Amino acid sequence: FERLAAYNRWMNRKVYHAAAELGVAELHADKRAFFGSVFGTLNHILVADTIWLKRFCGHPHELQSLQTLRDVGAPSSLSQILHADLEQLDAARRSMDEIIIRMCSEASEDHYAQALRYVTTSGQSFVNEFAILVQHFFNHQTHHRGQVTTLLNQSAIDIGATDLVVMLREQEDNQTPTRPSGIRP
């Protein structure tokens, strides 16, 4: 999950950078996607992340990484607009990505094995293993980011490779070779 959290942040940086190339009208233009526009879809991902992380706050072993979200109100709908413009949405996205990274760093095998009871936005109550819910959480993000990349591509904006292995290769390329201690260049 730590790797998926890093991938989530990496992809969000790429997607938001590409979305910033659009004019305001194009960013909000209804493209007949499930959440309408590029902005609407990016907003939905943040809405859903907020809803899921609020649910994760109810984990039997309180995760300190989620403390800042405990008093934040949950969105009232899956399409509630959280921020007025892309700059504000991007700032919120960056903060959320850091919370996700901290959560995955903090959570242990014991946390992931625990059952979590939660209530959906339609009021239904469910209990699932926390690991399954976190897996769904990341899968949901990837699903909707795929929609955004398609919408961006329709506007002639190519964000480049989106594969997890590409991120891993970039990380490998950016690592500085280490020398055994005591050996000088």
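Residues numbered from 1 in each chain as written. Predicted model: local features only at pLDDT ≥ 70, side-chain atom pairs only at ≥ 80, totals over all residues. Heavy atoms only, no water.

Draft legend 1. Representation of the packing of aromatic side chains. Taken as a whole and judged by the stated rule, the model has 11 aromatic pairs. Here the aromatic rings of tryptophan 52 and phenylalanine 56 are separated by 5.9 Å at their centres, their planes lie at 45°, and the arrangement is tilted. Note that tryptophan 52 and phenylalanine 56 are positioned in helix α3 (residues 38–56) at a spacing of 4 residues, about one turn of the helix. Each member of the pair, tryptophan 52 as well as phenylalanine 56, is classed as buried. (Phe/Tyr/Trp six-rings, centres within 6.5 Å; stacked < 30°, edge-to-face > 60°. Helix = DSSP H or I, 4+ residues; strand = E, 2+ residues; numbered from the N terminus. Buried < 20%, exposed > 50% of the residue type's maximum accessible area, 1.4 Å probe, protein only.)

Draft legend 2. Geometry of the side chain of asparagine 43. Along the chain, the position of asparagine 43 falls in helix α3. Given the relative accessible area of 0%, asparagine 43 is considered buried. Leaving out residues up to four positions away in the same chain, asparagine 43 has contacts with Ser79, Gln80, Ile81, Leu82, His83 and Leu89. (Contact = heavy atoms within 4.5 Å.)

Draft legend 3. Quick look at the packing of α3 against helix α6 (residues 130–154). Between α3 and α6, the least distance of the axes is 9 Å, while the angle of their chain directions is 175°. By the criterion of interaxial angle, the relationship of α3 to α6 is roughly antiparallel. Grouping the constituent residues of the contact of α3 with α6 by class yields 14 nonpolar, 7 polar and 2 charged. (Axes fitted to C-alpha atoms, helices over the stretch in contact; angles between N-to-C directions. Parallel < 35°, antiparallel > 145°, perpendicular 65-115°, else oblique. Nonpolar A, V, L, I, M, F, W, Y, C, P; charged D, E, K, R; others polar.)

Draft legend 4. Representation of the confidence of the model for the chain. Overall, the prediction assigns the chain a mean pLDDT of 93, with 95% of residues at 70 or greater. Across residues 177–185, where pLDDT falls below 50, the model places 1 contact with residues more than four positions away in sequence or in other chains. (pLDDT = per-residue confidence, 0-100.)

Draft legend 5. Local environment of the pairing of strand β2 (residues 125–129). Sheet topology places strand β1 (residues 115–119) next to β2; 5 bridges connect them, and they run antiparallel. The residue bridging tyrosine 118 from the neighbouring strand is phenylalanine 126, located in β2. Connecting the antiparallel pair β1 and β2 is a turn made up of 5 residues, with glycine 123 showing a positive phi of about 95°. (Pairing = 2+ DSSP bridges.)

Draft legend 6. Quick peek at the state of the cysteines. Within this structure, the stated rule accounts for 0 disulfides. Considering cysteine sulfurs only, cysteine 104 is the nearest to cysteine 57, which forms no disulfide, with 14 Å between them. Overall, the relative accessible area of 2% leaves cysteine 104 in the buried class. (Disulfide = S-S within 2.5 Å.)

Draft legend 7. Expanded view of the nonpolar core. In terms of nonpolar packing, the biggest core is built from 47 residues, with Val38, Leu42, Leu53, Phe56, Leu66 and Leu152 touching the most fellow members. Contributions of two or more residues to this core are made by α1 (2–19), α3, α4 (86–106), β1, α6 and α7 (164–174). Contacts of leucine 66, omitting those with residues within four sequence positions, involve Leu53, Phe56, Cys57, Ile99 and Met103. (Core = buried A, V, L, I, M, F, W, Y, C linked by side-chain atoms within 4.5 Å.)

Draft legend 8. Representation of α3 within the structure. Taking 1.5 Å per residue as the helical rise, α3 with its 19 residues ought to reach 27 Å, and the 27 Å between its terminal C-alpha atoms agrees with that figure. Most of α3 is tucked away: 18 of the 19 residues are buried. The backbone nitrogen of phenylalanine 39 has a side-chain oxygen 3.4 Å away, supplied by the residue at the start of α3, namely serine 37. (Expected span 1.5 Å × (residues − 1). Polar contact = N/O pair within 3.5 Å; in protein donor to acceptor, adjacent residues only side chain to side chain.)

Draft legend 9. Geometry of the pattern of salt bridges. If you walk through the whole model with that rule in mind, you get 6 salt bridges. With a closest N to O distance of 3.4 Å, arginine 94 and aspartate 90 form a salt bridge. Of the two residues, arginine 94 and aspartate 90 are both situated in helix α4; the distance of 4 residues between them amounts to about one turn of the helix. Ionic pairing is found between arginine 93 and aspartate 97, a salt bridge with its closest N-O pair at 2.8 Å. Taken as a pair, arginine 93 and aspartate 97 lie in helix α4 at a separation of 4 residues, close to a single helical turn. (Salt bridge = Lys/Arg side-chain N within 4 Å of Asp/Glu carboxyl O.)

Draft legend 10. Local environment of the packing of α4 against α6. It is at 13 Å that the axes of α4 and α6 come closest, and there the two elements cross at 150°. Overall, the two elements α4 and α6 adopt an arrangement that is roughly antiparallel. In the crossing of α4 with α6, the sense of the turn from one axis to the other is left-handed. Contacts from Ile100, Met103 and Cys104 in α4 reach Phe130, Phe137, Phe138 and Gln141 in α6. Classifying every residue of the contact of α4 with α6 by side-chain character gives 6 nonpolar, 1 polar and no charged. (Left-handed = near helix turned anticlockwise from the far one by under 90°.)

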